[in-house]
Structures are given as structure tokens and as C-alpha cells.
Amino acid sequence: MRIGELAERTGVSTRLLRYYGEQGLLVASRDRNGYRCYGEDAVVRVRQIRRLLEAGLTTGVIASALQCASGEEAHLDLCPELAQLLHRELTAMDDRIGTLQRRRSTLAGYLTEEGG
């Protein structure tokens, strides 16, 4: 299938599909006219990518995680290396959440001082 059909079937723009290709997340072949062509498995792969992005992972981490992903829900068969990588990502996310909570508290404090 061409990129337009893949975009239609997945709800992902052609621009994003090209980006996924540039990041090594999605592989396309080229037909005689130079158009990108994708196999049926690309639909599942795009859904896996979207699911992992929704989890807050970067495309760099997703590139590693996709090697262990199966099914549209991107079930991950965790090898020790991937488990360690995801643990680091979770720790970093927790740190960002803590920072945001402190910032929110500070900002809310300014509103309380002003009488809201």
C-alpha cells in the first residue's frame, strides 16, 4: 500500500509516517515510480508506535522497544535490557512529574498570596 492508504487506515498523517521512517521506526520499499510502499504489517507497526508514544516514550526508546513489541496494543516481551531501559524512562518521568508538582505548588502559592 502507498503512504496515503497507510495514513487513512491508521489515522496518522503522511508527514508523521515519513518522520517515523526517518527515525527508523517504519520501513518502506519503493515502487518503480519511487513511491513509498508498505506491507500489511505496517498498519500494526504504526499502531504500536502510536501506543508507545502515548506512553511518553521518545522515538529513540521506541526504536529499541519495537524489537520486542507484538500486537496492536504493543505488548512488550521484556528482555532484561528493555526492562532496564523502561525503568530508567519511568524514573525520569517521575522526576519530571515531581518538578511539575513543585512548580504548580509555587504558582498556586502566588495566587493564594494575592487572594486568588
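All of these numbers come straight from a predicted model, not from anything done at the bench. (Residues numbered from 1 in each chain as written. Predicted model: local features only at pLDDT ≥ 70, side-chain atom pairs only at ≥ 80, totals over all residues. Heavy atoms only, no water.)

S.K.: I keep staring at the environment of Leu 86 and nothing clicks. Help me out?
M.R.: Structurally, Leu 86 can be placed in helix 5 (residues 80-114). Along the sequence, Leu 86 and Gly 24 sit 62 residues apart, while their C-alpha atoms lie 19 Å from each other. (Helix = DSSP H or I, 4+ residues; strand = E, 2+ residues; numbered from the N terminus.)

S.K.: It is not clear to me how the side chain of Thr 59 should be interpreted in this structure. Could you clarify?
M.R.: Note on placement: Thr 59 falls in helix 4 (residues 59-65). Contact partners of Thr 59, with chain neighbours within four places excluded, come to Tyr 19, Gln 23, Leu 25 and Leu 53. (Contact = heavy atoms within 4.5 Å.)

S.K.: I keep staring at the nonpolar core and nothing clicks. Help me out?
M.R.: A general feature of soluble globular proteins is that nonpolar side chains tend to end up buried together. Among the nonpolar cores identified, the biggest contains 26 residues, and Leu 6, Leu 17 and Leu 26 are the most heavily contacted of them. For this core, the secondary-structure elements that each account for two or more residues are helix 1 (3-10), helix 2 (14-22), helix 3 (41-54), helix 4 and helix 5. Per-element tally for this core: the top contributor is helix 3, with five residues. Beyond its immediate chain neighbours, meaning those up to four positions away, Leu 6 contacts Met 1, Leu 17, Leu 26, Tyr 38, Ala 42, Val 43 and Val 46. (Core = buried A, V, L, I, M, F, W, Y, C linked by side-chain atoms within 4.5 Å. Buried < 20%, exposed > 50% of the residue type's maximum accessible area, 1.4 Å probe, protein only.)

S.K.: How should I be thinking about helix 3 in this particular structure?
M.R.: The end-to-end C-alpha separation of helix 3 is 20 Å, in line with the 20 Å expected for 14 residues at 1.5 Å each. Of all the residues in helix 3, the buried ones are Ala 42, Val 43, Val 46, Gln 48, Ile 49 and Leu 52. The secondary structure elements touched by the buried residues of helix 3 are helix 1, helix 2, helix 4, strand 3 (69-70) and strand 4 (75-76). Downstream of helix 3 by a residue or two, Gly 56 has a phi angle that is positive, lying close to 95 degrees. (Expected span 1.5 Å × (residues − 1).)

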